[in-house]
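# Structural characterization, general
Read off the chains here:
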Amino acid sequence: MISLILTGHGRIASGIEEAIIQVFGAQADLHVVDFPDGMGTGELEVKLAEVLGGCGGDVVFCTDLLGGSPFRLASTLAQARPGTEVIAGMNLAMFAEMLFERDDIATAAEFRQRAIEAGQGGITSLANRLARQRQRAEAVDGL
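Residues numbered from 1 in each chain as written. Predicted model: local features only at pLDDT ≥ 70, side-chain atom pairs only at ≥ 80, totals over all residues. Heavy atoms only, no water.

## Focus: the nonpolar core
- Core analysis: the biggest nonpolar cluster contains 20 residues, and Leu4, Leu6, Val60, Cys62, Phe95 and Phe111 have the highest contact counts within it.
- Every element with two or more residues in this core is listed here: β1 (3-9), α1 (12-24), β3 (59-63), α4 (92-98) and α5 (108-121).
- For this core, the leading source of residues is α5, giving 4 residues.
- Those residues in contact with Leu6, other than ones at most four positions away along the chain, are Ala13, Ile16, Glu17, Ile20, Leu30, His31, Val32, Val33, Cys62, Met90 and Phe95.
- Ranked by size, the runner-up nonpolar core spans 16 residues in total, among them Phe35, Leu44, Leu48 and Phe61. (Core = buried A, V, L, I, M, F, W, Y, C linked by side-chain atoms within 4.5 Å. Buried < 20%, exposed > 50% of the residue type's maximum accessible area, 1.4 Å probe, protein only. Helix = DSSP H or I, 4+ residues; strand = E, 2+ residues; numbered from the N terminus. Contact = heavy atoms within 4.5 Å.)

Below is the structure:
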């Protein structure tokens, strides 16, 4: 199973973990490293390295923000460990689709690509959803 490490500014990682547990139940090989105000990047790097060191097989870091400290540190660690990928940006829609597919996905690279697609697909608006429904209805009606 691909291990996931959630990390980001403040307590976003533990907040997403809490939502995952509420909606989908406890998940194996899901780890969280928060980066609260007052924590230095050195301490964050040590914590990320400790969690990564405890993971077997392929690992995917899910971070909150491209270019932020959690992303940069995860990227540095990933480059030194084959089978490790980093995603910038995460949402519950991404996890809804991907959590239960981890056993069926062979590599972290494949997981990364599919997770990005799932996350992007989960971002929409009410107006967009209603417009798509109208378009489908018109297509069925032949208009």
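## Regarding the packing of aromatic side chains
- Taken as a whole and judged by the stated rule, the model has 1 aromatic pair.
- Relative to Phe100, the ring of Phe24 has its centre 5.9 Å away and its plane inclined at 70 degrees; by these criteria the two rings are edge-to-face. With Phe24 in helix α1 and Phe100 in the loop between α4 and α5, this residue pair connects regions lying 76 residues apart in the sequence.
- For Phe24, a relative accessible area of 22% gives the class partly exposed. (Phe/Tyr/Trp six-rings, centres within 6.5 Å; stacked < 30°, edge-to-face > 60°.)

Bear in mind that shape data such as this cannot, by itself, settle questions of function.
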